[in-house]
Amino acid sequence: MNPSIKSKLGGLVTVAALTASLAACSSNPTQATTCTPPQGPNLESALSKARFDLETGCEHEFDAYFQRLLTIAEGDPKQENKASFSDFLLWTNDAGLLSKRQAREIYNRYFGVKYVSLISDYSVCQQTCPDQSAVMRDMNRELGDKEQGLLRISADRLNYTRASNLYQETELVLEATCEACGPVE
């Protein structure tokens with residue numbers, strides 16, 4: 001066989017082998033994780049889907065999933081929803097998505113009476129009073145989250161009223177305390 005033909009034939013065989021292997025790769029693509037928060041009206045099935053997705057590559061979308069779960073739960077407000085969210089947040093800690101503290105703060109932000117945005121280990125006069133308006137703005141946002149969690153998700157009017165009253169009392173006490181502290185140096 002002519003060396004020139006032999007060389008061309010070898011090149012064609014190489015090209016054919018490469019083409020075949022590329023075709024095999026394109027017919028067997030790698031699975032890309034699609035992170036789509038759950039839909040539908042059933043909270044328990046939405047929680048199940050969220051757990052699966054968050055364990056299989058969607059952990060970076062935790063906030064979007066959590067917000068969607070809150071919205072789904074609003075469609076069927078009942079006391080049992082608190083326990084469902086508590087279990088879900090305990091699971092997030094077990095799965096390594098959130099620390100215990102983060103999970104507890106998220107739960108309390110929506111379903112607790114006390115305000116996580118007010119918790120501080122510092123002096124009220126030194127730390128809170130200079131930033132009083134920002135503290136009250138954060139607490140007001142949290143009151144909105146408590147309205148969603150306690151009223152629209154859990155149908156817990158009593159605890160929402162307690163949280164709302166605590167907000168108003170804190171506003172008055174903080175204002176009086178900061179006035180009593182005097183100017184901060």
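The rules behind these values
Every chain's residues receive numbers from 1 upward, in the order its sequence appears when written. Thresholds applied to this predicted model are a pLDDT of at least 70 for local features of residues and 80 or more for the giving and counting of side-chain atom pairs; totals over whole chains, interfaces and linings are not thresholded and use all residues. Remark: hydrogens and water are excluded; side-chain values derive from all non-hydrogen atoms of the structure. Where helices and strands are cited, they refer to DSSP runs of H or I of at least four residues and of E of at least two residues respectively, numbered from the N terminus. What makes two residues a contact is simply this: any of their non-hydrogen atoms within 4.5 Å. One fewer than the residue count of a helix, multiplied by 1.5 Å, yields its expected span. Any carboxyl oxygen of Asp or Glu that lies within 4 Å of a side-chain nitrogen of Lys or Arg is treated as forming a salt bridge with it. Throughout, exposure labels follow a simple rule: accessible area from a 1.4 Å probe, protein chains only, divided by the maximum for the residue type, with under 20% read as buried, over 50% as exposed, and the rest as partly exposed. Nonpolar cores were defined as sets of buried Ala, Val, Leu, Ile, Met, Phe, Trp, Tyr and Cys residues, with membership established by side-chain atoms within 4.5 Å.

Asks: Mind showing me how you'd approach the overall build of the chain here?
Replies: Counting its secondary structure elements, the chain contains eight helices and zero strands. When its helices and strands are written in sequence order, the chain yields α-α-α-α-α-α-α-α. Within the chain, counting contacts between residues at least 6 apart in sequence, those at least 24 apart form 69% of the total.

Asks: Would you mind going over helix α7 (residues 132–153) with me for this structure?
Replies: Helical periodicity: at 3.6 residues per turn, an α-helix aligns residues three or four positions apart in one direction. The end-to-end C-alpha separation of α7 is 30 Å, in line with the 32 Å expected for 22 residues at 1.5 Å each. Phi for A155, located one or two positions after α7, is positive at around 50°.

Asks: What am I meant to see in the environment of N140 here?
Replies: Residue position: N140 is located in helix α7. Each C-alpha atom, one on N140 and one on Q168, is 9.9 Å from the other, the two residues being 28 residues apart in sequence.

Asks: Even after reading the chapter, I still don't get the pattern of salt bridges, so can you show me in this structure?
Replies: If the charged atoms of two oppositely charged side chains come close together, the side chains can form a pair. In the structure shown here, the tally under the stated rule is ten salt bridges. Ionic pairing is found between D53 and K49, a salt bridge with its closest N-O pair at 2.4 Å. Here D53 and its partner K49 are both found in helix α2 (residues 43–55), four residues apart, which amounts to about one turn of the helix. Under the relative-accessibility criterion, D53 is labelled buried at 7%. Of the charged contacts in the structure, one is a salt bridge between D138 and R141, with a shortest N-O distance of 3.0 Å. Of the two residues, D138 and R141 are both situated in helix α7; the distance of three residues between them amounts to about one turn of the helix. With relative accessibility at 33%, the residue D138 sits in the partly exposed group. A cluster of three or more residues bridged by salt bridges with shared partners is formed by R109, E142, D145 and K146.

Asks: What is the right way to read the nonpolar core from this model?
Replies: Taken as a class, soluble globular proteins show a tendency for nonpolar side chains to be buried jointly. Counting residues in each nonpolar core, the largest one holds 23 residues, and the members touching the most others are F62, F66, L69, F85, F88 and L89. Residue assignment for this core shows that the elements contributing at least two residues are α2, α3 (62–74), α4 (80–94) and α5 (100–111). Counting residues in hydrophobic clusters, the runner-up holds 14 residues, among them V135, L143, Y160 and C178.

Asks: What is the right way to read unusual backbone geometry from this model?
Replies: Phi is mostly negative for residues that are not glycine, and the peptide bonds are mostly trans. Even without being a glycine, A155 presents a positive backbone phi close to 50°. Among the secondary structure elements, A155 is positioned in the loop between α7 and α8 (157–181). The exposure class assigned to A155 is partly exposed, which follows from its relative accessible area of 47%.

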